[in-house]
Amino acid sequence: KTPIAILISGRGSNMLALMEACARPDFPAKIVLVLSNKADAAGLDTARKAGIKTLCIPHKDYGKGREAHERAIDEAVRASGAELICLAGYMRVLTPWLVQQWQGRMINIHPSLLPAFPGLHTHEAALKAGAKEHGCTIHLVTDGVDEGPILAQARVPVLPHDDADALAARVLEQEHRLYPETLKHFITQRHT
Ligand code: GAR
């Protein structure tokens, strides 16, 4: 199994979907580290309770030193033996330095059909734009925020009476399915 690290900032429901997938004997990845930039991220508890190694490296401890923060993250991930990084609701924009270190080996999930609606508040933006379809994207991380090569997307309809929460829930269900599936394909293709 390929060792992976997951970076989170909050709830960790995508992390949990990856945890459940990794628990299956035929899944090609194992989680060696869950790392958060926020001490109160609920996902840290979820991972810890499942016996997964967790670490919190608060960006607040580094003030304006974005790269110093990321050097600490990079060091921790390398020490864990991880070969891939999965961003799962990691809510900080990465510096080109960290992106470069993990080029081709760092994956992100984003809650929109990129290139539509990069950045934050994607469900509100989709509703406001009158989008008929919405969804989520798994992509490789490059310097441009939410711009890397797309690995997979899942689509959902936008329904007439949707609010942002209803739409987010419909998308999230697809995220939980798409992330493990795409990671599996990505790893399998890498090794063939
Ligand atoms: C997910 O919807 C994920 O796609 C999004 O944050 C949520 C995290 O939920 N990520 C981004 O917006 C990245 N910029 P989770 O912590 O329950 O997985």
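What you see is a predicted model, and the numbers here were worked out from it, not measured in a lab.

Cut-offs used in this document
- Residue indices begin from 1 for each chain and proceed along its sequence in written order.
- Per-residue local features are limited, in this predicted model, to residues with pLDDT of at least 70; the limit for side-chain atom pairs, both in listing and counting, is 80 or more; totals at the level of whole chains, interfaces and linings are taken over all residues.
- Computation of side-chain values covers all heavy atoms of the structure but excludes hydrogens and water.
- Axes here refer to lines fitted to C-alpha atoms; in helices the fit is confined to the stretch in contact. Angles between the N-to-C directions go from 0 to 180 degrees.
- In this text, helices come from DSSP runs of H or I with a minimum length of four residues, and strands from runs of E with a minimum of two, each type numbered from the N-terminal end.
- An angle counts as roughly parallel when it lies under 35 degrees, as roughly antiparallel when it exceeds 145, as roughly perpendicular when it falls between 65 and 115, and as oblique in every other case.
- A clockwise turn of the near helix away from the far one marks a right-handed crossing, whereas an anticlockwise turn of less than a right angle marks a left-handed crossing.
- Working rule for contacts: check all heavy atoms of both residues, and any pair within 4.5 Å makes them a contact.
- All amino acids are sorted into three groups, where Ala, Val, Leu, Ile, Met, Phe, Trp, Tyr, Cys and Pro are nonpolar, Asp, Glu, Lys and Arg are charged, and the leftover types, Gly among them, are polar.
- If even one non-hydrogen atom of a residue comes within 4 Å of a molecule or strand, that residue is called near it.
- Each polar contact in these results corresponds to two N or O atoms within 3.5 Å; when the atoms are within protein, one needs to be able to donate a hydrogen and the other to accept it, and residues that are neighboring in sequence are counted only if both atoms are side-chain atoms.
- All accessible areas in this document rest on Shrake-Rupley with a 1.4 Å probe, and a residue is counted as covered only by the protein chains that are shown.
- Grid spacing is 1 Å over the protein atoms alone, the probe is 1.4 Å, and a cavity is where that probe fits but cannot get out, while a pocket is an open set with protein on both sides within 12 Å along at least five of seven lines and lining residues have an atom within 4 Å of a point.
- Throughout, a molecule is located in a cavity or pocket provided that more than half of its atoms lie within 2 Å of its grid points.
- Partly exposed residues are those whose accessible area sits between 20% and 50% of the maximum for their type, while under 20% is buried and over 50% is exposed, using a 1.4 Å probe and protein chains only.
- By definition, two strands form a pair when at least two bridges between them are found by DSSP.
- UniProt positions are given in the numbering used here, feature names are shortened, and annotations may be inferred rather than shown by experiment.
- Grid points are joined across faces, edges and corners, and a volume is the space filled by probe spheres set on the points.

A word on the packing of helix α1 (residues 13-22) against helix α2 (residues 42-49)
Where α1 meets α2, the axes come as close as 9 Å, and the angle between the chain directions of the two elements is 20°. Between α1 and α2, the angle falls in the class roughly parallel. In this structure, the crossing between α1 and α2 has a hand that is right-handed. Residues Met 15, Leu 16 and Met 19 of α1 form the contact with α2, whose own contacting residues are Gly 43, Thr 46 and Ala 47. For the contact of α1 with α2, a count of residues per class yields four nonpolar, two polar and no charged.

Focus on the site of the ligand
All residues in the neighbourhood of the ligand are listed as Arg 11, Gly 12, Ser 13, Asn 14, Gly 89, Met 91, Ile 109, Pro 111, Leu 172 and Glu 175. Here an oxygen atom of the ligand sits 2.7 Å away from a polar atom, N or O, in the main chain of Gly 12. Contacts to the ligand include Asn 14, whose backbone N or O atom sits 2.9 Å from an oxygen atom. Protein coverage of the free-state accessible area of the ligand, which is 450 Å², stands at 86%. Under a 2 Å grid-point criterion requiring more than half of the atoms, the pocket assigned to the ligand is the largest pocket. For the shell around the ligand, the elements supplying multiple residues, two or more each, are α1 and α6 (164-190). Taken together, the residues of the shell around the ligand break down into four nonpolar, four polar and two charged.

So, the pairing of strand β6 (residues 133-140)
Most of β6 sits out of view: seven of its eight residues are buried. The sheet contact formed by strand β5 (residues 106-110) and β6 spans four bridges and is antiparallel. By the bridge assignment for β6, His 110 is matched with Thr 137. Of the pairings in the sheet, the one linking β6 to strand β7 (residues 150-157) comprises seven bridges and is antiparallel in character. In the sheet register, Gly 135 faces β7, and the bridge partner there is Arg 155.

Quick notes on the sheet that holds β5
Pairing is mixed in the open sheet, where seven strands are placed in the order β3-β2-β1-β4-β5-β6-β7. In this open sheet, the two edge strands, each paired with only one partner strand, are β3 (54-56) and β7. Between one strand axis and the next, the sheet turns through 20° on average, direction left out of account. On the sheet, α1 packs against β1 (2-8), β2 (29-36), β4 (84-87) and β5 and is oriented at approximately 155° with respect to β2.

Topic: the UniProt feature "active site" (unreviewed entry) in the chain
UniProt annotation of "active site" (unreviewed entry) refers to His 110 when read in the numbering used here. Along the chain, the position of His 110 falls in strand β5. What His 110 contacts, discounting residues up to four positions off in sequence, is Phe 117, Pro 118, Gly 119, Thr 122, Gly 135, Cys 136, Thr 137, His 139 and Asp 146.

Comments concerning empty space enclosed by the protein
A full pass over the atoms with the stated rule returns one cavity of 30 Å³ or more. Around the largest cavity, the lining residues are Arg 66, His 69, Glu 70, Tyr 90, Arg 92 and Val 93. For the lining of the largest cavity, the per-class residue count stands at two nonpolar, one polar and three charged.

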